[in-house]
Amino acid sequence: MNGTPMADLIVVGGGLHGCSAALHAAKRGLSVIVIEKDNAGRHASGVNAGGVRRLGRNYAEVPISVRSMEIWHRIGDLVDDDCGFQRCPQIKVAETEAELETLEKRAADLRELGFTHEVIVDQQELRRLLPAVAPHCVGGLASLDDGFAIPYNTTFAFQRKARTLGVQFFEKTRVEKVRRDGNDWHVDTSAGTFIGRNLLNCAGAWAGEIARQLGEHAPIEAIAPMMIVTARMKRFCDAVVGGCGRPLSFKQAENGTVIIGGGRRGYPDPKTNKSEMRFSQLRYSAETAIGIFPIMKSATIVRSWAGIEGRMPDDIPVIGPSSTHENAFHAFGFSAHGFQLGPAVGELMAELIATGHTNAPIAPFSITRFAHS
Ligand SMILES: Cc1cc2nc3c(=O)[nH]c(=O)nc-3n(C[C@H](O)[C@H](O)[C@H](O)COP(=O)(O)OP(=O)(O)OC[C@H]3O[C@@H](n4cnc5c(N)ncnc54)[C@H](O)[C@@H]3O)c2cc1C
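Residues numbered from 1 in each chain as written. Predicted model: local features only at pLDDT ≥ 70, side-chain atom pairs only at ≥ 80, totals over all residues. Heavy atoms only, no water.

- With an unreviewed UniProt entry as reference, the protein is termed Sarcosine oxidase subunit beta, source organism Rhodopseudomonas julia.

Given below as C-alpha cells:
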C-alpha cells in the first residue's frame, strides 16, 4: 500500500450488510473503505437460502423488513441488477388446527400493529397456492408479495454498485485491531493500518471480537445452518414454504431443483472458516419436506452445504451505534434471517452514520441489551 488509506467510513466485513451499508453511505457522499478477510460474499451472504421474506419475522424486525421489501421490489433501481429476485408468496403451512390458531393469532397481532401483509389462507386456498401440499395440511399464513433471490449474485451486485460509487474494497485483508486515536479510528490489518472517521462492524459471526475491542459485550454464537439441493423435478411449487410446527424453508428453483433448509444446523468452526454437515439432523429437514410435500419421496439429494452465521441469544440482530465510543456502529448477528434485511439495514446505517440520526425503529436492537449478561 502507498501511504495510509483513509476514508470517512471503514466497514469491517464484506457480506451483504457491509456492502449494502457501504453502497448507501457512498450514495450520501461519504468516502468508504470495506475490509474483508476473505472475499465479499464468501460467508453467510453468499451461501444462504435466498429467502426474501417479511413472513414470520420477530415483531421488532417487521418495520425494517417491510422497508427492505419495498427496496427488493425495485432492486434493479438500487444496484443495476435484478439479483435473481423473484416475487412469489411465502407461506407457513399449518399441519394441525392448533397450529392454524397460532397463525391466526399472529395475523391478528400484526394487524393491531398496523401491518396487513400476512394473511390467513384456508385449506382450499392453500391447495390452490400449493397443489402438491399433503392432504392433512389445514391452512397457512401467507405473505403474498415476498419472494426469493440468488444470494451470491445479490452480494456481488451490491459490491459492484458500491465500487462504481467509489467504495474501495480490500479483500483477503483481516482486521486485527481497532483503536481510537484522537478523532479517528485506526484499523490495523494484515495489510497495514487504515484510518477512518467512522467505523462500522459488519463482521457477521466474527463480530463479537470487534465489539470486544470496543469494550462491548456481544454474546454472539457461530452457527452453521444447513441446506440441501435435489435433482431437478417436474414443476410443482411456486411459493417459498415454511412449516409452523416444525422448521422448514423450501422452494423450487426455476431449473426444477428443490432447495431445502430451515433450522437444522451443522458444526461451525469460525476460526478455520470451515463448517461441517450433521447428517443426523439433515434427516429431519428431509422428513419435514416429505411430510408437507409427499412428492418429495421421489427426490434425490445432489448437494448439501452449511454456512457460518452469527446468532444472538434472542435471535434478533445488533443494529445501531456503539454504546462506548462515538463514531462506531454495529450491524451484525442476523441469526439466520438477515439476507432480506440487507437493503434496508444498509440504508438506515448510512443515514445514522452520515447524519447522527435515523427514524428507523432500532431501539430493540441496541447492543446495550447484553451489557449485564
Ligand atoms: C445456510 C444459510 C441459509 C440462510 N437463509 C436465509 C434466508 O433464506 N433468508 C434470510 O433472510 N437470511 C438467511 N440466512 C441468513 C443470512 O445469510 C445472513 O443473516 C446474512 O447474510 C448476514 O450478512 P452479514 O453481512 O452480516 O454476514 P456475512 O455474510 O457473514 O459477512 C460478514 C463478513 O465479515 C468478514 N469478517 C469477519 N471478521 C473480519 C475481520 N476481522 N476482518 C475482515 N473481515 C472480517 C467475514 O469474512 C464475512 O465475509 C441464511 C444463512 C445461512 C448460513
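## Here we look at unusual backbone geometry
So, point 1. A positive phi angle, close to 60°, is found at Asp 315, a residue other than glycine.
So, point 2. Checked against the element boundaries, Asp 315 lands in the loop between strand 21 (309-311) and strand 22 (318-321).
So, point 3. Here Asn 327, not a glycine, exhibits a phi torsion of approximately 60°, which is positive.
So, point 4. Classification of Asn 327 as partly exposed rests on a relative accessible area of 26%. (Helix = DSSP H or I, 4+ residues; strand = E, 2+ residues; numbered from the N terminus. Buried < 20%, exposed > 50% of the residue type's maximum accessible area, 1.4 Å probe, protein only.)

## A word on the pairing of strand 11 (residues 184-189)
So, point 1. The element strand 11 is extensively covered by neighbouring structure, given that 5 of its 6 residues are classed as buried.
So, point 2. As paired elements, strand 10 (residues 175-181) and strand 11 share 6 bridges and run antiparallel to each other. Within strand 11, the residue paired with Lys 177 across the bridge is Asp 188.
So, point 3. Between strand 10 and strand 11, which follow one another and run antiparallel, lie 2 residues, and Gly 182 among them has a positive phi close to 60°.
So, point 4. As defined by bridge partners, strand 11 adjoins strand 12 (residues 192-201) across 5 bridges and the pair is classed as antiparallel. Bridging from a neighbouring strand, Val 187 pairs with Phe 194 of strand 12.
So, point 5. With antiparallel pairing between neighbouring strands as the criterion, strand 11 and strand 12 make up a hairpin whose turn holds 2 residues. (Pairing = 2+ DSSP bridges.)

## Thoughts on the site of the ligand
So, point 1. Not every one of the 36 residues close to the ligand is listed here, only the nearest: Glu 36, Ser 45, Gly 51, Val 175 and Glu 309.
So, point 2. The contact in question runs from an oxygen atom of the ligand to an N or O atom on the backbone of Phe 339, over 3.0 Å.
So, point 3. Contact distances for the ligand include 3.0 Å between an oxygen atom and a backbone N or O atom of Gln 340.
So, point 4. Bound to the protein, the ligand loses 96% of the 1000 Å² it would expose on its own.
So, point 5. Of all elements in the fold, only helix 1 (16-27) and helix 2 (44-47) reach the threshold of two or more residues within the shell around the ligand.
So, point 6. Counting residues per element, the shell around the ligand draws most heavily on helix 2, which supplies 3 residues. (Near = heavy atom within 4 Å. Polar contact = N/O pair within 3.5 Å; in protein donor to acceptor, adjacent residues only side chain to side chain. Areas by Shrake-Rupley, 256 points an atom, 1.4 Å probe, with all protein chains shown as cover.)

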